[in-house]
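One-letter residues, chain by chain:
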Amino acid sequence: MAKLSLRNLNKTFAPQVVPLKDLSLEVEDGEFLTLLGPSGCGKSTTLRLIAGLEQPTQGEIWIGDRDVTQQPPGDRNIAMVFQSYALYPHMSVYDNMASGLRLKRMPATEIHHRIDEVSQFLGLDGLMQRKPGQLSGGQRQRVALARALVRRPDVFLLDEPLSNLDALLREQVRAELKQIFADQPTPIVYVTHDQTEAMTLSTRVAVLNEGLLQQLDSPKRIYTRPANRFVASFIGSPQMNLLSLPCQGEYALLGRYKVPLPQPIRLPEVVLGIRPEHLRLARPGETLALALQGQVMLVENLGMSDLLSIQIENTPYWLRALLSPDQSWADRQISLMLPSESLHWFDPQTGDRLF
Amino acid sequence: MRQDSLRQREQRTGWWLVAPALLFLILIYAYPIARSIGLSLFSQNLGTELQPVFTGLSNYSRMAVDGRFWQSLGNTTLFTVLSVLLELLLGLGIALVLNRSFRGRGVVRTIALLPWALPTALIATTWTWIFNDQFGVWNDLLLRLGLIQTGVNWLGDPNWALWTVIAADVWKTTPFIAILLLAGLQSIPADLYEAHAIDGATAWQSFWQITLPLLLPQILIASLFRFAQAFGIFDLIQVMTGGGPGGATETVSIYIYATIMRYLDFGYGAALVVVTFVILSLAVALAAWGLTRLRAAHNLGDSR
């Protein structure tokens, strides 16, 4: 099949409106790449540029060895699943799926064969003569997927395809999506603002913010080694604790506690990050020098764990920790361990990861 | 028991609330229609010294052999079909242009709607002058272009008179259709076109496969409105040609008006009214039935 590559893409609507500043990345065959970011980060613009619905101001888009930058959407051989599904309301499910193939003047028998195959695979058999309005949300979503699959395109684009489903269905369809696209031998580009979708579905995730690529990595790396402060705070729920601490060569000072840095640095300040799920209680025998004493100010029950907001003794700093809900934490004085292998350090000026 | 009386009381209140509207409808619609049907069974004209004389269906049998009636019906049909068709085509074109965003769209939209807002009699007079054989701007234009050698008397020529009336009507009513269709166009989601473009459709294919089918309800509604209006056309023609020359632009309404107001033949006039009423009702019922069917097939698709 064909690799998708974006080269220095820029989209400028007006001097003040630049949804995409400079983006270069490559998506290999069979790779599931997710564009993740808050609204306005440029992820949807990127997708529309790949689809050809918008023209880039600068940069190139290549599919395999074809430069498609100037090509109209229909000549790029891509398929897109829209957030709204964009099903043709006046056509039956069958005609919706056949539409793109008929436009390519494919013989009716071949169209029939392809639709048969995909509809069986997605369990749409009995619905072929219905109109989109007679389908449930989940069924419509599936028809939109089927319409993309029958095309057998060079690239799949999916624009927040799960956001119109209710929470329960979303989880189910997410798992189905993973199965369906695991077998597709083409690049798949998926846009979402939902980090769970990004983490579960993708082979790689591109985190975008303000039109710039923040990090392009496997979901695991994105979580364990966020490249900068933005990625660190955007990925993970509940959010990572990020504290700006004064720095003294080999130590960062958290009140009267000295948190050792992996290497000495010459910065007046440093940002310490630790995920709430990595904070744990100090065990009775452990050196109390590395344990932080704190007062539990707030307990939020998340079901499988309790989210505690803790004020560190004699400091203005707060930490949030996920701890087992098997005991009552309210108003307690506890001592927390900061496991050194789970600490993230960022430059407070640039936001970049230090170590 | 108690529930029953509650329901009854509700129903009684309901009737009271509906009563004024019902009375209004009876007085304004039902009574004149019934009266016309009744009158159509009588002869009441100068021959009977304006006294009603029961003559059964003789007015209707007279109509069957009344050449002038058939000619006016033919004129009306031609006028209706041609003007509605032209208005739909032009209206759709204007709506498609106005549906695109461009600088000054609001101004253009307002200007486009102006002809519809002007009084018909005024428009009719203006168009009469435009088509005037000596001073008309239309003849002047054709002369300058060298398409004709001498001025044509458009309104006085039986071959052309109906066309001049149609031109004036199209000019006046196209904006109405354009605005109606524009509303329909704006209700079609943009992502359908995007999906279709990605599927490989050209703009022309999208127009036939997306725009037209999804606009069909609005097209039908517009045609229905316009059909009913055009079939009863009176004011424009009365002012421009008065039905002439030689009955070339005489529509059913003009003929009815002449029968009653000029020849004082009330019985026969009533019979003409009844026949026109039946034809119109049938056409409207047919269109409404089509619309319901279309809605049933479509609207399922619109509900989200």
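Residues numbered from 1 in each chain as written. Chains lettered and ligands numbered in written order. Predicted model: local features only at pLDDT ≥ 70, side-chain atom pairs only at ≥ 80, totals over all residues.

### Quick notes on the overall build of chain A
Counting secondary structure elements, chain A contains eight helices and 20 strands. With the C-alpha coordinates of chain A rotated into their principal frame, the extents come out at 75 × 45 × 35 Å. (Helix = DSSP H or I, 4+ residues; strand = E, 2+ residues; numbered from the N terminus.)

### Thoughts on the overall build of chain B
Within chain B one finds twelve helices and two strands. Reading chain B from its N terminus to its C terminus gives the helix and strand order α-β-β-α-α-α-α-α-α-α-α-α-α-α. Its C-alpha radius of gyration of 25 Å places chain B more than 25% over the 19 Å reference for a compact globule of 304 residues. Taken along its principal axes, the extent of the C-alpha atoms in chain B is 90 × 75 × 30 Å. A burial count over chain B gives 30% of its 304 residues as buried. Residue pairs in contact within chain B that sit at least 24 positions apart in sequence constitute 71% of those at least 6 positions apart. (Rg over C-alpha atoms; globule rule 2.2 N^0.38 Å. Buried ≥ 20, exposed ≤ 12 C-beta atoms within 10 Å, placed from the backbone. Contact = placed C-beta atoms within 7 Å.)

### Some words on the nonpolar core
Formed by 104 residues in total, the largest nonpolar core has its most connected members in I50, M80, L157 and V189 of chain A. Both of domain 1 (4-234) and domain 2 (241-346) of chain A provide at least three residues apiece to this core. Of all hydrophobic cores here, the second largest spans 35 residues; its members include M240, F266, L272 and V273 of chain B. (Core = buried A, V, L, I, M, F, W, Y, C linked by C-beta atoms within 7 Å. Domains from an automatic or database assignment.)

### Some details on the sheet that holds strand 13 (residues 257-260) of chain A
All names here are of chain A. Pairing is antiparallel across the open sheet formed by five strands, whose spatial order is 13-12-11-14-20. Every interior strand has two partners, whereas the edge strands, strand 13 and strand 20 (344-346), have only one. Averaged over all pairs of adjacent strands, the angle between their axes in this sheet comes to 40°, without regard to strand direction. (Pairing = 2+ DSSP bridges. Axes fitted to C-alpha atoms, helices over the stretch in contact; angles between N-to-C directions.)

### Observations regarding the sheet that holds strand 19 (residues 333-337) of chain A
Residue and element names in this part refer to chain A. One open sheet holds the five strands; their spatial order is 15-19-16-17-18, and the pairing between them is antiparallel. Every other strand in the sheet has two partners, leaving strand 15 (280-281) and strand 18 (318-323) as the edge strands with one partner each. Sheet topology places strand 17 (residues 306-312) next to strand 18; six bridges connect them, and they run antiparallel. Directly across from Q311, in strand 18, lies its bridge partner W318.

### A look at the environment of D140 of chain B
Residue and element names in this part refer to chain B. You can see D140 is positioned in helix 6 (residues 137-144). A residue is classified by how many C-beta atoms lie within 10 Å of it, and D140, with 14 of them, is partly exposed. Between the C-alpha atom of D140 and that of R293, which follows or precedes it by 153 residues, the distance is 50 Å.

### What to know about unusual backbone geometry
Residues and elements named next belong to chain A. That bond from S237 to P238 is cis: its omega, -5°, falls within 30 degrees of zero. Mapped onto the secondary structure, P238 falls in the loop between helix 8 (229-234) and strand 11 (241-248). Even without a glycine there, the phi angle at N8 is positive, about 50°. Tracing the backbone through its elements, the reader meets N8 in strand 1 (residues 4-11). The residue R152 is not glycine, and still its phi comes out positive at about 45°. With respect to the secondary-structure elements, R152 resides in the loop between helix 4 (137-149) and strand 7 (155-159).

### Quick word on the packing of helix 7 (residues 161-186) of chain B against helix 9 (residues 203-231) of chain B
All names here are of chain B. Contact geometry for helix 7 and helix 9: axes closest at 9 Å, N-to-C directions at 155°. Considered as vectors, helix 7 and helix 9 are oriented roughly antiparallel to each other. Here the hand of the crossing between helix 7 and helix 9 comes out right-handed. On the side of helix 7, the interface is formed by T173, I177, L180, L181, A183, G184 and L185, while helix 9 contributes L215, Q218, I219, I221, A222 and R226. Class assignment of the residues belonging to the contact of helix 7 with helix 9 gives a composition of nine nonpolar, three polar and one charged. (Parallel < 35°, antiparallel > 145°, perpendicular 65-115°, else oblique. Left-handed = near helix turned anticlockwise from the far one by under 90°. Nonpolar A, V, L, I, M, F, W, Y, C, P; charged D, E, K, R; others polar.)

### Regarding the interface of chain A and chain B
On the chain B side, the residues contacting the 21 residues of chain A number 19 residues. Sorting the residues of the side of chain A that touches chain B by element identifies strand 6 (78-81) and helix 2 (93-103) of chain A as the ones contributing at least two each.

### Describing the environment of N10 of chain A
All names here are of chain A. Position of N10 among the secondary structure elements: in strand 1. Take N10: there are 17 C-beta atoms within 10 Å of it, and that puts it in the partly exposed class. Note: C-alpha distance between N10 and K21 (eleven residues apart in sequence) is 4.9 Å. For N10, the residues in contact, after removing those within four places along its chain, are L20, K21, D22, P56, T57, Q58 and G59.

### Let's talk about the pairing of strand 17 of chain A
All names here are of chain A. Both strand 16 (residues 291-301) and strand 17 contribute to a ladder of seven bridges, which runs antiparallel. By the bridge assignment, E300 is partnered in strand 17 with L307. Linking two consecutive strands that pair antiparallel, namely strand 16 and strand 17, is a turn of four residues; a positive phi of about 95° is found at G303 within it. Hairpin remark: strand 17 followed by strand 18, antiparallel, with five residues in the connecting loop; positive phi at N314, about 60°.

### Considerations on the domain arrangement of chain A
Residues and elements named next belong to chain A. Segmenting chain A into domains produces domain 1 (4-234) and domain 2 (241-346). Using C-alpha coordinates to define each centre, domain 1 is positioned 40 Å away from domain 2. Tallied by class, residues from the side of domain 1 that touches domain 2 come to two nonpolar, two polar and one charged.

### A closer look at the packing of helix 3 (residues 67-99) of chain B against helix 7 of chain B
Residue and element names in this part refer to chain B. One can describe the packing of helix 3 onto helix 7 by two numbers: an axis separation of 6 Å at closest approach and a directional angle of 40°. The angle between helix 3 and helix 7 places the two elements in the oblique class. In terms of crossing hand, the pair formed by helix 3 and helix 7 is right-handed. For the contact of helix 3 with helix 7, the residue count by class is 19 nonpolar, seven polar and two charged.

### Quick look at the confidence of the model for chain B
Residues and elements named next belong to chain B. Of the residues in chain B, 96% reach a pLDDT of 70 or more, and the chain-wide mean stands at 86. Per-element confidence in chain B ranges from a low mean pLDDT of 80 for strand 2 (residues 53-54) to a high of 93 for helix 8 (residues 190-198). Every residue in residues 300-304 scores below 50 in pLDDT, and together they form eleven contacts with partners more than four places removed in sequence or on other chains. Interface predicted TM-score (ipTM) for the complex: 0.85; the corresponding pTM is 0.81. (pLDDT = per-residue confidence, 0-100.)

### Side note on helix 1 (residues 43-51) of chain A
All names here are of chain A. Here helix 1 lies mainly inside the structure; nine of its nine residues are buried. Three or more residues of helix 1 are buried, namely K43, S44, T45, T46, L47, R48, L49, I50 and A51. One or two positions beyond helix 1, positive phi appears at G52, with a value near 90°.

### Some remarks on the pairing of strand 12 (residues 251-254) of chain A
Residue and element names in this part refer to chain A. Pairing of strand 11 with strand 12, which is carried by two bridges, proceeds in the antiparallel orientation. Pairing of C247 across the sheet is with A252, part of strand 12. Hairpin connection of strand 11 to strand 12: two residues between the antiparallel strands, including G249 at a positive phi of 65°. Bridge analysis of strand 12 against strand 13 gives four bridges, and the strand direction is antiparallel. Note on strand 13: the bridge partner recorded for L254 is Y257. What sits between strand 12 and strand 13 in their antiparallel hairpin is a turn of two residues, with G255 showing a positive phi close to 65°.

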